[in-house]
Amino acid sequence: MRSRGTASSSLLLPVLAVALAPVLVACGDDDSTGTAPAAPTVEVVDEPAVDPVTESADPAPVEEAPSGPSGEEAVAFFRSTEADCAAFAVAVGNDVLPAYYFDEAVAVQDLGNGSWVVADGSGVELVVDLSAGVVHGLDGPTGVLPIEYSFGCPEDLYLGSLAE
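Just so you know, these numbers come straight off a predicted model, no measurement behind them.

The rules behind each value
Residues numbered from 1 in each chain as written. Predicted model: local features only at pLDDT ≥ 70, side-chain atom pairs only at ≥ 80, totals over all residues. Heavy atoms only, no water. Helix = DSSP H or I, 4+ residues; strand = E, 2+ residues; numbered from the N terminus. Buried < 20%, exposed > 50% of the residue type's maximum accessible area, 1.4 Å probe, protein only. Contact = heavy atoms within 4.5 Å. Areas by Shrake-Rupley, 256 points an atom, 1.4 Å probe, with all protein chains shown as cover. Core = buried A, V, L, I, M, F, W, Y, C linked by side-chain atoms within 4.5 Å. Arc of directions from axis to C-beta. Disulfide = S-S within 2.5 Å. Phe/Tyr/Trp six-rings, centres within 6.5 Å; stacked < 30°, edge-to-face > 60°. Pairing = 2+ DSSP bridges.

K.L.:
Tell me about the overall build of the protein chain, and please be specific about residues and values.
P.N.:
For the protein chain, the count of helices and strands is 5 helices and 5 strands. Start at the N end of the protein chain and walk to the C end: the helices and strands fall as α-α-α-α-β-β-β-β-α-β. Considering the protein chain as a whole, with its 164 residues, one finds that 22% of them fall into the buried category. A separation threshold of at least 6 residues defines the contact pool for the protein chain, and within that pool the share at least 24 residues apart is 38%. Of the roughly 11800 Å² of accessible surface on the protein chain, a fraction of 58% belongs to carbon and sulfur atoms.

K.L.:
How would you explain the nonpolar core if you had to name every residue and give the values?
P.N.:
Counting residues in hydrophobic clusters, the biggest one holds 18 residues, and the most contacted among them are F78, F102, V118, L126, Y149 and Y158. Elements with a minimum of two residues in this core: α2 (71-80), α4 (99-103), β2 (115-119) and β3 (125-129). Once residues lying within four places of it in the same chain are set aside, the contact partners of Y158 are F78, T81, C85, F102, L126, V135, L145, Y149 and C153.

K.L.:
Report on α2, specifying residues and quantitative values.
P.N.:
When we look at burial in α2, the residues that qualify are G71, A74, V75 and F78. Burial along α2 is one-sided: seen end-on, the buried residues are contained in an arc of 95 degrees.

K.L.:
Please provide a residue-by-residue account of the state of the cysteines, values included.
P.N.:
In a disulfide, the sulfur atoms of two cysteines are held together by a covalent bond. Enumeration according to the criterion identifies 1 disulfide in this entry. One disulfide bridge connects C85 with C153, the sulfur atoms lying 2.0 Å from each other. Across the S-S bond of C85 and C153 the torsion is about 110 degrees, and the bridge reads as right-handed. Placement of the pair is C85 in helix α3 (residues 82-92) and C153 in the loop between α5 (147-152) and β5 (158-159), with a sequence separation of 68 residues. C153 carries the same exposure label as C85, and that label is buried.

K.L.:
Which residues make up the packing of aromatic side chains, and what values go with them?
P.N.:
Under the defined criterion, the tally for this structure stands at 5 aromatic pairs. Ring centres of Y100 and Y101 lie 5.2 Å apart, and the angle between their planes is 85 degrees; this geometry places the pair in the edge-to-face category. An aromatic cluster of three or more residues is present, and its members are F78, Y100, Y101, F102, Y149 and Y158.

K.L.:
So, the environment of D129: which residues are in play, and what are the values?
P.N.:
Tracing the chain through its elements places D129 in strand β3. Judged by relative accessible area, D129 falls into the buried class, the value being 14%. When the C-alpha positions of D129 and F78 are compared, they lie 9.6 Å apart, and in sequence the two are 51 residues distant. Excluding anything up to four places from it in sequence, D129 contacts N113, G114, S115, V134 and H136.

K.L.:
An account of the pairing of β2 is requested, with residue identities and associated values reported.
P.N.:
The two faces of the sheet receive side chains in turn, since in a regular strand these alternate between them. Counted residue by residue, β2 has 5 buried out of 5 residues, so it is predominantly covered. Burial along β2 is two-sided: the residues S115, V117 and A119 and W116 and V118 are all buried. Across 5 bridges, the pairing between strand β1 (residues 106-112) and β2 is antiparallel. Within the sheet, the bridge partner assigned to D110 lies in β2 and is W116. Where β1 hands over to β2, the hairpin turn is made up of 2 residues, of which N113 adopts a positive phi near 55 degrees. Across 5 bridges, β2 lies against β3 in antiparallel orientation. Bridged to S115 within β3 is D129. The hairpin turn running from β2 into β3, its antiparallel successor, is 5 residues long, and G123 in that turn takes a positive phi close to 95 degrees.

What follows is the structure, encoded as structure tokens:
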């Protein structure tokens, strides 16, 4: 069963909408002729559409190819010193460095200016300076050279001093 208040309010809404429609239309227009209001105008501007995903204001940076020698060149040079080190060690009566020191060497870091950190097969890191054609310790050409290279390689090819 419906209550009387609900039935009268539900009938009142459609009546009010019909009665107020001309008033609402007239409020938006000062034209008293009773004609329908003109459709709103839209100004079209010729601007290219910009897709934010595919276009950007800044072009992506172009990566340049490295200008110096590669890590492969540094490792190749390091490996090429094996024969010189073996000849030196034999000549002075010291032990020859194991072949895997050279065979398993890998480039670790590009230091720039033609120099690379190379880890030998035992994990010892050395600097291969391709521009000077020498190998030295991480401390530089006048720094400490790992002991096995100090006694096993020629001093004009492997630069550095012994740790005291």
